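# Observations on the three-dimensional arrangement
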Amino acid sequence: MKSLFIRCILSLFFLIPAYSVLAQGSLIQNVEGRTSMSLDGRWQIIIDPLENGYYNHRYKPKENGFFMNAKMQSPTDLIEYNFDEGYELQVPGDWNTQMKELYYYESTVWYKRSFDYDVNQGKRVFVHFGAINYDAKVYLNGEHVGDHIGGYTSFNFEVTDLLKSEDNFLVVKVNNTRKREAIPTVNTDWWNYGGITRSVSLIETPSNFIKDYFIQLKKGSKNEISGWVQLDKGTSKEIVIEIPELKLNKTFQTDANGRAEISFKAKIDLWSPQNPKLYEVKLSSGDDNLVDHIGFRTITTEGHKILLNGEPIFLSGISIHEEAPFGAGRVTSEAECQVLIDWAKELGCNFVRLAHYPHSEQMVKVAEKNGLLVWSEIPVYWTVLFDNPDTYANAENQLTEMISRDKNRTNIILWSVANETPVSESRVKFLSNLVKKVKSIDNTRLTTAALDTQSSQDGYNMIDDPLGEYIDVIGINQYCGWYFGNNEDCANSKWKIGFDKPLIISEFGGGALQGYHGSENERWTEEYQDALYKYNLKMLDNIEFLAGMTPWILNDFLSPRRNLNKIQNDFNRKGLISEDGIKKKAFFRLQEYYKNKTL
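Note that this is a predicted model, so its numbers are computed, not measured. (Residues numbered from 1 in each chain as written. Predicted model: local features only at pLDDT ≥ 70, side-chain atom pairs only at ≥ 80, totals over all residues. Heavy atoms only, no water.)

## So, the UniProt feature "domain: Glycosyl hydrolases family 2 sugar binding" (unreviewed entry) in the chain
UniProt's entry tags residues 99–206 with the feature "domain: Glycosyl hydrolases family 2 sugar binding" (unreviewed entry), counted in the numbering of this structure. Along residues 99–206 one finds 0% helix and 42% strand; the C-alpha atoms at either end are 40 Å apart. (UniProt positions renumbered as here; feature names shortened; annotations may be inferred. Helix = DSSP H or I, 4+ residues; strand = E, 2+ residues; numbered from the N terminus.)

## Some words on the nonpolar core
Core analysis: the biggest nonpolar cluster contains 83 residues, and Ile318, Val380, Leu434, Leu503 and Met549 have the highest contact counts within it. When residues of this core are assigned to domains, at least three fall in each of domain 1 (31–205) and domain 3 (300–597). Counting 31 residues, the second-largest nonpolar core is a separate cluster that includes Leu39, Tyr111, Leu170 and Ile196. (Core = buried A, V, L, I, M, F, W, Y, C linked by side-chain atoms within 4.5 Å. Buried < 20%, exposed > 50% of the residue type's maximum accessible area, 1.4 Å probe, protein only. Domains from an automatic or database assignment.)

## Notes on the packing of aromatic side chains
This model, assessed by the stated rule, comprises 33 aromatic pairs. Between the aromatic rings of Tyr279 and Phe296, the centroid separation amounts to 6.1 Å while the plane-to-plane angle is 40°, which identifies the pairing as tilted. Of this pair, Tyr279 sits in strand β16 (residues 279–285) while Phe296 is found in the loop between β17 (288–294) and β18 (299–302), placing the two residues 17 residues apart along the sequence. In this pair, the class of Tyr279 matches that of Phe296, namely buried. Following the ring pairs from residue to residue traces out a cluster consisting of Phe66, Phe67, Tyr81, Phe83, Trp110 and Tyr139. Sitting above the plane of the Tyr460 ring, Lys496 keeps its charged end 4.6 Å from the centroid. Across the ring face of Trp482, the terminal group of Arg523 is positioned such that the distance to the ring centre comes to 4.5 Å. (Phe/Tyr/Trp six-rings, centres within 6.5 Å; stacked < 30°, edge-to-face > 60°. Lys NZ or Arg CZ within 6 Å of the ring centre and 35° of its normal.)

## Quick word on the packing of helix α2 (residues 334–347) against helix α8 (residues 585–596)
For the pair α2 and α8, interaxial distance at closest approach is 8 Å and the crossing angle is 60°. Here α8 runs oblique to α2, going by the angle between their axes. In this structure, α2 uses Trp343, Glu346 and Leu347 to contact α8, whose residues at the interface are Phe587, Leu590, Gln591 and Tyr594. Classifying every residue of the contact of α2 with α8 gives five nonpolar, one polar and one charged. (Axes fitted to C-alpha atoms, helices over the stretch in contact; angles between N-to-C directions. Parallel < 35°, antiparallel > 145°, perpendicular 65-115°, else oblique. Contact = heavy atoms within 4.5 Å. Nonpolar A, V, L, I, M, F, W, Y, C, P; charged D, E, K, R; others polar.)

## Focus: the state of the cysteines
Enumeration according to the criterion identifies one disulfide in this entry. Paired by a disulfide, Cys480 and Cys490 hold their sulfur atoms 2.2 Å apart. Taking the torsion about the sulfur-sulfur bond, which here is approximately -100°, the covalent link between Cys480 and Cys490 counts as left-handed. Placement of the pair is Cys480 in the loop between β28 (473–477) and α6 (487–490) and Cys490 in helix α6, with a sequence separation of 10 residues. For the pair Cys480 and Cys490, a shared accessibility class is recorded, and that class is buried. Free of any disulfide, Cys349 has its nearest neighbouring cysteine sulfur in Cys337, separated by 16 Å. (Disulfide = S-S within 2.5 Å.)

## What to know about the environment of Asp342
Along the polypeptide, Asp342 turns up in helix α2. On a C-alpha basis, the gap between Asp342 and Asn370 in space is 8.4 Å, while along the polypeptide they are 28 residues apart.

## Some remarks on the environment of Ile210
By the element assignment, Ile210 lies in strand β11 (residues 210–217). Relative accessible area serves as the criterion here: at 0%, Ile210 is assigned to the buried category. Separated by 196 residues in the primary sequence, Ile210 and Asp406 place their C-alpha atoms 16 Å from one another. Not counting chain neighbours up to four residues away, the residues in contact with Ile210 comprise Arg34, Val229, Gln230, Leu231, Leu283, Ser284, Ser285, Asp288 and Leu290.

## Observations regarding the confidence of the model for the chain
In this model, the chain carries a mean pLDDT of 94, and residues with pLDDT of at least 70 account for 95%. Considering only residues more than four positions removed or in separate chains, one finds that residues 1–24, a stretch of pLDDT under 50, has 44 contacts. (pLDDT = per-residue confidence, 0-100.)

## A short note on the sheet that holds β18
Strand order in the open sheet made by the three strands is β18-β19-β20, with antiparallel pairing throughout. Two strands close off the open sheet at either side, each with one partner strand: β18 and β20 (311–312). Pairing analysis gives four bridges linking β18 to strand β19 (residues 305–308), with the strands arranged antiparallel. Its bridge partner being in β19, Ile299 is matched across the sheet by Leu308. (Pairing = 2+ DSSP bridges.)

## So, the sheet that holds strand β21 (residues 315–320)
Strand pairing in a sheet is mediated by backbone hydrogen bonds. Such pairs are either parallel or antiparallel. The strand order around the closed barrel built from eight strands is β21-β22-β23-β24-β25-β28-β30-β31, with neighbouring strands paired in parallel fashion. Shown here is a sheet whose adjacent strand axes are inclined to one another by a mean of 30°, direction ignored. Where strand β25 (residues 446–451) lies against β28, four bridges are found, and the strand directions are parallel. Opposite Thr448, over in β28, you have Val473 as the bridge partner. Across the sheet, helix α5 (residues 425–441) touches β24 (412–419) and β25, and the angle it forms with β24 is around 160°.

## Details of the pairing of β11
As a general feature of sheets, a regular strand has side chains that alternate between the two faces. Extensive coverage of β11 is indicated by the burial of eight of its eight residues. Here β11 runs beside strand β12 (residues 224–231); their pairing, made up of seven bridges, is antiparallel. When the sheet's bridge partners are listed, Leu217 is paired in β12 with Ile225. Between β11 and β12, which pair antiparallel and follow one another directly, the connecting turn spans six residues, one of which, Gly220, has a positive phi of 90°.

The following block contains the structure:
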């Protein structure tokens, strides 16, 4: 314990990834490009609020817990559970919106899926999870294969030696209990959806395979592709990269660690919102072959401007939660992602903030194909324990997993390390270390954080959060007309910034119940929300150093903080679209604003 504590302390100050001891295995890149078998569908479940399936009456872990999927062999057997005669849930999906009994539930649910598998000799097999919220323990055929903490990032474990041709059973213990030391912490403004919320599959690979790669434009260049390819096993082998459309075929040699650094020149049609160009990229090594579709662009800053491919761009955006576009619940399909992205496109956006956690890989790819730039974020939200080394290690691990999964998606231009965190010395150290971690993994993109602190100086809102020294682009959440001030006063609000850096207003807005009408001075009416947007947009037009905006938020979403009956009914009503998919008046005001927006 002492050595682990020392390692955690070192990780806080020297970026040693102590949390990796809790997240077993490393992520396989591009699972969609692999031979796979889906395990999505109906899973049997046991609801276990006292964790009887894991702990005995002395609160010691059991050797014969629910993960054994035991069956009675004789009439005298005492087995007090049976997956096959209980409830079922759809995977992917959250349990909160599938069963009314689990609407507010926060504890353990056991999931079980039985399956046969055509074992292919000489091949390796990994079980891959798109995401589980929050604490997952995974068992195959009664054997523990790994644990994962964090509700929004992908992970996988090798199960080659445990698979049988028939009667396999995969059991997952899922616990979504909020904890003070966790990321996010106990206090948030979105629903704590529990469950296996993204797809599950078995991924097949050769014995040694291309585990990971990073292929993007070299920082500062528009015609040099660079990066690396990593084999799963350390060995010297040839790596071939082909881009057929560019008539490129390049061969590289891995080192003894199985890694090959790559670099080559190419005449590239750059990706942009107007031209979301993706190239087919083929990677091969021995008998392993992968295909990805990758775009290339540059993203830099110059004073208060953001430059895409060397040209200034105003980021006309919207914030989005991973909330189903109709009804409620976690987004579970590409079709739902497409609806959300189509709404953003209809609004006139070229940019989306995927808040407040990594959204699904499907969401990022749909946005990429549709020409939407992306702000991607980890859930370091509000008052996390900035003095706790384990909390930092957890945050760094989630950050690393987010970047690892999505680093080849060219539409991501901003990695965000936090949202609305209170200023303190420990918080600045915590977040600045995360920024350093981003730069050590990926120096081709920009860093940001959504701040909500600014001081008043000579009648101006002064942006002077000390974290601004470390991030490339400053985000500010401000709610003039909703949490403070009157709508009319917002138009005259003036801003100054203490940094020669671009500013994005990462949140503004107010609530409205769709279909509720009245005067523009009456809270919760569509008219009030519309007026709030009218006056806030006038204010933003007067901020000369403004580089973009992502108002809060595209559509109404569930939040247990929202308790006003007949108006909120557990929904945050700041959406421009209702939970039924109906657009509010403010949607059309912002749409018109973006239509007429120029640099």
